[in-house]
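Chain residues, written in single-letter form:
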Number of protein chains: 2
Amino acid sequence: LDLSTFNLDSSSDTPIYKQLAEFVRGMIDRGIMCGGERLPATRELAGQLGLNRTTVSAAYSLLEEAGLIEGQVGRGSFVAKSMTARRVFPARDWDSILPPVEAVFKGPVQHVEISFASSRPADDQFPLAEFRKVTRQVIDGPDAADILQLGSAYGYAPLRRYLMEQTTGCGMARAGDDLMITNGCQQALDLIARVFAAAGVVVLEDPVYHGVVRVFSRMGAEVVTVPVGEAGLDPNALEQIFERTRPKLLVVTPSFQNPTGASLSLEGRRRVVAVTQRFGCVVVENGIYSELRYAGSPLPTLKELDETGNTILLGSYSKVGFPGLRVGWVIGPRPVITRLADAKEVSDLHSDHLSQAVLLKFAESGELKRHLERTREAGAERLSAVLRACAQYLPLDARYTKPQGGMSLWIELPAPLTADTLLNRVQERGVNFVPGRHFSTRNIHARNLRISFGALSPEQITRGIKILGDTAKEELAAALPIDDFEPAAALV
Amino acid sequence: LDLSTFNLDSSSDTPIYKQLAEFVRGMIDRGIMCGGERLPATRELAGQLGLNRTTVSAAYSLLEEAGLIEGQVGRGSFVAKSMTARRVFPARDWDSILPPVEAVFKGPVQHVEISFASSRPADDQFPLAEFRKVTRQVIDGPDAADILQLGSAYGYAPLRRYLMEQTTGCGMARAGDDLMITNGCQQALDLIARVFAAAGVVVLEDPVYHGVVRVFSRMGAEVVTVPVGEAGLDPNALEQIFERTRPKLLVVTPSFQNPTGASLSLEGRRRVVAVTQRFGCVVVENGIYSELRYAGSPLPTLKELDETGNTILLGSYSKVGFPGLRVGWVIGPRPVITRLADAKEVSDLHSDHLSQAVLLKFAESGELKRHLERTREAGAERLSAVLRACAQYLPLDARYTKPQGGMSLWIELPAPLTADTLLNRVQERGVNFVPGRHFSTRNIHARNLRISFGALSPEQITRGIKILGDTAKEELAAALPIDDFEPAAALV
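As the structure is a prediction and not an experimental result, all values here were calculated from the model.

Caption draft 1: Molecular detail of helix α6 (residues 157-167) of chain A. Residue and element names in this part refer to chain A. Of the residues making up α6, those classed as buried are Leu159, Tyr162, Leu163 and Thr167. Looking straight down α6, one finds that the buried residues subtend no more than 120° of arc, so they occupy a single side. The outward face of α6, more than 90 degrees from its buried face, is lined by the exposed residues Arg161 and Glu165. Where α6 is buried, its residues touch β4 (177-182), β11 (328-333) and α13 (353-364).

Caption draft 2: Inspection of the side chain of His445 of chain A at higher detail. When you line up the elements, His445 of chain A lands in the loop between β15 (434-435) and β16 (448-452). Ignoring anything within four residues of it in the chain, the contact list for His445 of chain A reads Asp206, Pro207, Trp410, Gly436, Arg437, Phe439 and Ser440 of chain A.

Caption draft 3: Here's a closer look at the packing of helix α4 (residues 128-140) of chain B against helix α13 (residues 353-364) of chain B. Residue and element names in this part refer to chain B. Contact geometry for α4 and α13: axes closest at 9 Å, N-to-C directions at 115°. Two packed elements cross with a definite hand, and for α4 against α13 that hand is right-handed. Taking contact as the criterion, the partners of Glu130, Phe131, Val134, Thr135, Gln137, Val138 and Ile139 in α4 are, on α13, Leu354, Ala357, Val358, Lys361 and Phe362. For the contact of α4 with α13, the residue count by class is eight nonpolar, two polar and two charged.

Caption draft 4: Region of the structure containing the nonpolar core. Judged by nonpolar contacts, the single largest core of 210 residues is most densely connected at Phe196 of chain A together with Phe196 of chain B. If sequence neighbours within four positions are ignored, Phe196 of chain B has contacts with Trp94, Ile97 and Leu98 of chain A together with Leu249, Val282, Ile312 and Val336 of chain B.

Caption draft 5: Looking closely at the pairing of strand β16 (residues 448-452) of chain B. Residues and elements named next belong to chain B. Counting buried residues along β16, five of its five residues qualify, which places the element largely inside the surrounding structure. Burial along β16 is two-sided: Asn448, Arg450 and Ser452 facing one way and Leu449 and Ile451 facing the other are all buried. Two strands pair when backbone bridges link them, and strand β13 (residues 408-412) and β16 are joined in this way by five bridges, in the antiparallel orientation. Each bridged residue has a counterpart across the sheet, and for Trp410 the counterpart in β16 is Arg450.

Caption draft 6: Up close: empty space enclosed by the protein. As enumerated under the stated definition, the model contains one cavity of 30 Å³ or more in all. Size it by volume and the largest cavity reaches roughly 60 Å³. Here the lining of the largest cavity is built from residues that sort into no nonpolar, six polar and six charged.

Caption draft 7: Up close: the relation of the copies chain A and chain B. Between chain A and chain B, the superposition needs a rotation of 179° and an axial shift of 0.2 Å, giving an RMSD of 0.4 Å. Overall, the copies show the geometry of a two-fold rotation axis.

How each quantity is defined
- Residues numbered from 1 in each chain as written.
- Chains lettered and ligands numbered in written order.
- Predicted model: local features only at pLDDT ≥ 70, side-chain atom pairs only at ≥ 80, totals over all residues.
- Heavy atoms only, no water.
- Buried < 20%, exposed > 50% of the residue type's maximum accessible area, 1.4 Å probe, protein only.
- Helix = DSSP H or I, 4+ residues; strand = E, 2+ residues; numbered from the N terminus.
- Arc of directions from axis to C-beta.
- Contact = heavy atoms within 4.5 Å.
- Axes fitted to C-alpha atoms, helices over the stretch in contact; angles between N-to-C directions.
- Left-handed = near helix turned anticlockwise from the far one by under 90°.
- Nonpolar A, V, L, I, M, F, W, Y, C, P; charged D, E, K, R; others polar.
- Core = buried A, V, L, I, M, F, W, Y, C linked by side-chain atoms within 4.5 Å.
- Pairing = 2+ DSSP bridges.
- 1 Å grid on protein atoms, 1.4 Å probe; cavity = no way out; pocket = protein on both sides within 12 Å on 5 of 7 lines; lining within 4 Å.
- Points joined across faces, edges and corners; volume = space filled by probe spheres on them.
- Least-squares fit on C-alpha atoms with pLDDT ≥ 70 in both.

Written as structure tokens, this is what we have:
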């Protein structure tokens, strides 16, 4: 600590001891002197500065009164513990060297009572007792030290082995396939974007989960979109796009797509596989919702239908288990997985071991299956609540998808009502959702909105959709042109 | 299951039942029929194919004898459970569309007895009892459901708050700083590379941890290097580089750098801060080893010395705690952290919650501090073992750094011996290390090697360095020109 830079202003009216106190206060304010730091002894500082010792003592007393320093008998004076670094320098112009921050959807400031905004499971239905049981088994087990040690970019070996066995059965994973663990599906998409960014045109669905769009646009990939309707992506439109752009990669969620909830039929799946095979386009299949079917019959994955073995399938425990534990996986041809593992190692070495071990135990023990059954039962109730409420409360000419599973459906409001207008109004009533334009690469879908119902009770869903519908009707009524038709007098 | 595509070859010498059996075998081999799948009843298939039922039965018997199908009394025949998809299509030429796989250092195939190859802690010294205790507290605690739910890109809020408090004391984090949790330090580097890649020239140390080089070169950043010697990076060379290239980012590990183990002196730190301030270059300070000091006095971080507040500091629990739990953090000016959080969300939404909660409890409870004290004691023993062994066993003209902490030191072999030659020889003797060229952007440092001693006992270290030294001496002796000087007869 160096107070020798103190410059006495002998022309000032301010007494020297006050000048010194001001100087020290400045040092503390600017964070050069910190809480707990020892001040020089009065005798020492007086000698250093050529001042009288009583002057220094008076300055210290003033600082002590102001609570800036504290005297300790026999030990000297110290900067008060509460004083921490507060030195402020002119802010650097970060905007001039860093990329702009993208505006993404954030929740409202007001209190949200019913949020349709997040595609995630209900946390009051987490099987905490089972989670605790398997976690205890993991940490008390013989592999605890392995779990804590550095691992492989491919993932925690026992989980990887388990998932390989589970998927190598009938056609899900094929000879020549490999599997890598990721931090949820988002990282799988991110790594795929890194590896395929330079390969050529990428086809994404539209509307689509904003995380997919952001990943590929950040990597500088050339993106074209294919429309998604009630029956999933449109194979005719896909074929036309393929003829025009010869893409190298198609990213598709065939079951309970986010945000529409739409699913491809078996016929639709076969057509998508056939088109991509014909054009030599690699399919990335997002299968994270596929186990969340509440109605209808299970359908094969594109990965199962594609006998060339070139489809890359993404899975995750986040939607069927716990989103806070970041464990997903990617299954695909070994040369692809090799590159992804390489990119993963550069990205973050490997995924966290503890959650991988816990989720392995959760799956192996049968707890995941039981939890999934309960989730499907609850999901069926939610789904029928949301479909019933939409039929009952939405304006008659509103349109909406009718999913058979997953966590979301997609509403189209009647013109001229936009989702942003509706959102402003329903947020005042404690309801939240994400407007459709956030699920597009081009800021379209102004009259659409995503309703994510996975975390709400049937009662909340019903109440929320009623508020949405009532508000939409009010807005539409207010927006309608007034009927100013005046019957004219008969022409005679 | 459709066997109706069977085409009988009536001109063949092969009996029909054998042809049918061959056809079914092909379906199984190609994965079209899978383990557990039911075959048509003999009567049904006979009808379908227009064959005699005994022909079909004979085919089935043949397949059963071959172990390809299994009969179950009263239920029919099934493809044997052991038969899974094996249908193989011509492999796609992935190399034509994907980036090449970089050759990175992999351990030898032989058994490694003493590995100096990995910069990680010793797993037999993991405090398992304490880890189990705090993990139990976490999962049994009131925040279990929060931990399992989706979180923020900034990290698990209680850990973030704790780290902010810990670092906001004396100058480590400043007013205007923010903090984000990452999957270890590697992800922090990766996100920084994404955010700063377009900003301008990046200065890296040389030699340097290969993960740093790979991150920045992958992102397409323009990289220049500054040499690192026994006293850390050379401030004079740095100044010259700054004058020439006006870089935007400097990545530096001031304490116990990987791979050299070298540290910047206080004077060196001050000079690095002054140079970067003068040129307006942002410093990324890798501080993950700084708490692993076994000798000498603690030194301030660059972050503390840089009053402009523009330094970005990386920390991690991986080196001081458990590498398998992927939790690190980055502290820096809020506009930087905002961009990093944005990139993090695109990359993998957020870091795993469970390990964040466990490490928070581990730190808060004082267990981390106790573990760190034990680690420093053990580290001091390892360090003195490695320095003693180097002095005793290495060839006299070998040079090596003398670190005061961390996990690595850097040896330079006398010419003409290269690290690759030595590695080949010592791997036969059960010793492994990473040759110096893996720590360079330009495949240099052929005579250098990294010795990572963090996971080994003093005995292993001594034995391993002895093997290294003995082998090096043998190789040098073999490589030396034979002394063929024959004193000539006196000229008379």
